[in-house]
Amino acid sequence: VQLVESGGGSVQAGGSLRLSCAASGRRLSSYNLGWLRQAPGKEREFVGGISRGGDSLSYADSVEGRFTISRDNAKNTVYLQMNSLKPEDTAVYYCAADSSYRSGSYFAPEEYDYWGQGTQVTVSS
């Protein structure tokens, strides 16, 4: 499966962005999906995930209540709605897919098998 993110950009603190991750080659409904991010000088970290069936969602504590993941299987796309953005949310955001048959919506970065190229999100104070 190929993943392509879009929707990144520059916003002021308190603003919103919606990231999209479009898949080709295979149906996204076959995968557990995640959004991860990497800020300069930091390790890649889990932001949020959604299970294959869409019945389980997980979020990092730092984004809980501000970010929302959803998926549209008909469009073969997963979204990350980001509200109340903070400067510390500045990072490259990646969409990733886990092809195992594990259940759940939280996985460590190294457990994802497929990655998009990333999209830059910059939040200014």
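Residues numbered from 1 in each chain as written. Predicted model: local features only at pLDDT ≥ 70, side-chain atom pairs only at ≥ 80, totals over all residues. Heavy atoms only, no water.

1. Some thoughts on the environment of Leu 17
Thought 1: Position of Leu 17 among the secondary structure elements: in strand β3 (residues 17-24).
Thought 2: As a C-alpha pair, Leu 17 and Gly 7 span 10 residues in sequence and 7.0 Å in three-dimensional space.
Thought 3: Setting aside chain neighbours within four positions, we find Leu 17 in contact with Gly 7, Gly 9, Val 11, Leu 80, Gln 81, Met 82, Leu 85 and Val 121. (Helix = DSSP H or I, 4+ residues; strand = E, 2+ residues; numbered from the N terminus. Contact = heavy atoms within 4.5 Å.)

2. Digging into the sheet that holds strand β1 (residues 2-6)
Thought 1: Ordered by their spatial adjacency, 4 strands build an open sheet running β1-β3-β8-β7, and the pairing between neighbours is antiparallel. In this open sheet, the two edge strands, each paired with only one partner strand, are β1 and β7 (67-72). In this sheet, neighbouring strand axes are inclined to one another by 15° on average, regardless of whether the strands run parallel or antiparallel.
Thought 2: Pairing geometry for β1 and β3, over 5 bridges, is antiparallel. Paired with Val 4 across the two strands is Ala 22, which belongs to β3. (Pairing = 2+ DSSP bridges. Axes fitted to C-alpha atoms, helices over the stretch in contact; angles between N-to-C directions.)

3. Side note on the nonpolar core
Thought 1: Core analysis: the largest hydrophobic core is formed by 29 residues, its most contacted members being Leu 3, Trp 35, Phe 67, Val 78, Leu 80, Met 82 and Tyr 93.
Thought 2: In terms of nonpolar packing, the next biggest core, distinct from the first, is built from 5 residues, Phe 46, Ala 96, Phe 107 and Tyr 112 among them. (Core = buried A, V, L, I, M, F, W, Y, C linked by side-chain atoms within 4.5 Å. Buried < 20%, exposed > 50% of the residue type's maximum accessible area, 1.4 Å probe, protein only.)

4. Considerations on the state of the cysteines
Thought 1: Following the criterion strictly, the structure yields 1 disulfide and no others.
Thought 2: The disulfide partner of Cys 21 is Cys 95, and the S-S distance across this bridge is 2.2 Å. What sets the handedness of the Cys 21 and Cys 95 disulfide is the S-S torsion sign, and at about -75° it is left-handed. Placement of the pair is Cys 21 in strand β3 and Cys 95 in strand β9 (residues 91-98), with a sequence separation of 74 residues. Both residues of the pair, Cys 21 and Cys 95, count as buried. (Disulfide = S-S within 2.5 Å.)

5. Points about the packing of aromatic side chains
Ring pairs (aromatic) are described by centroid distance and by the angle formed between their planes.
Thought 1: Taken as a whole, this structure holds 5 aromatic pairs when the rule is applied.
Thought 2: When the ring of Phe 46 is compared with that of Tyr 106, the centres are 4.6 Å apart and the planes differ by 80°; the resulting orientation is edge-to-face. Taken as a pair, Phe 46 in strand β5 (residues 45-50) and Tyr 106 in the loop between β9 and β10 (114-115) lie far apart in primary sequence, 60 residues in all.
Thought 3: By relative accessible area, which is 8% here, Phe 46 ends up buried.
Thought 4: An aromatic cluster is defined as three or more aromatic residues linked by ring pairs; in this entry it consists of Tyr 94, Phe 107, Tyr 112 and Trp 115.
Thought 5: Looking at Arg 44, its charged tip hangs above the ring of Tyr 94, at a distance of 3.9 Å from the centre.
Thought 6: Sitting above the plane of the Trp 115 ring, Arg 44 keeps its charged end 4.6 Å from the centroid. (Phe/Tyr/Trp six-rings, centres within 6.5 Å; stacked < 30°, edge-to-face > 60°. Lys NZ or Arg CZ within 6 Å of the ring centre and 35° of its normal.)

Take it as geometry only, folks, not as evidence of what the structure does.
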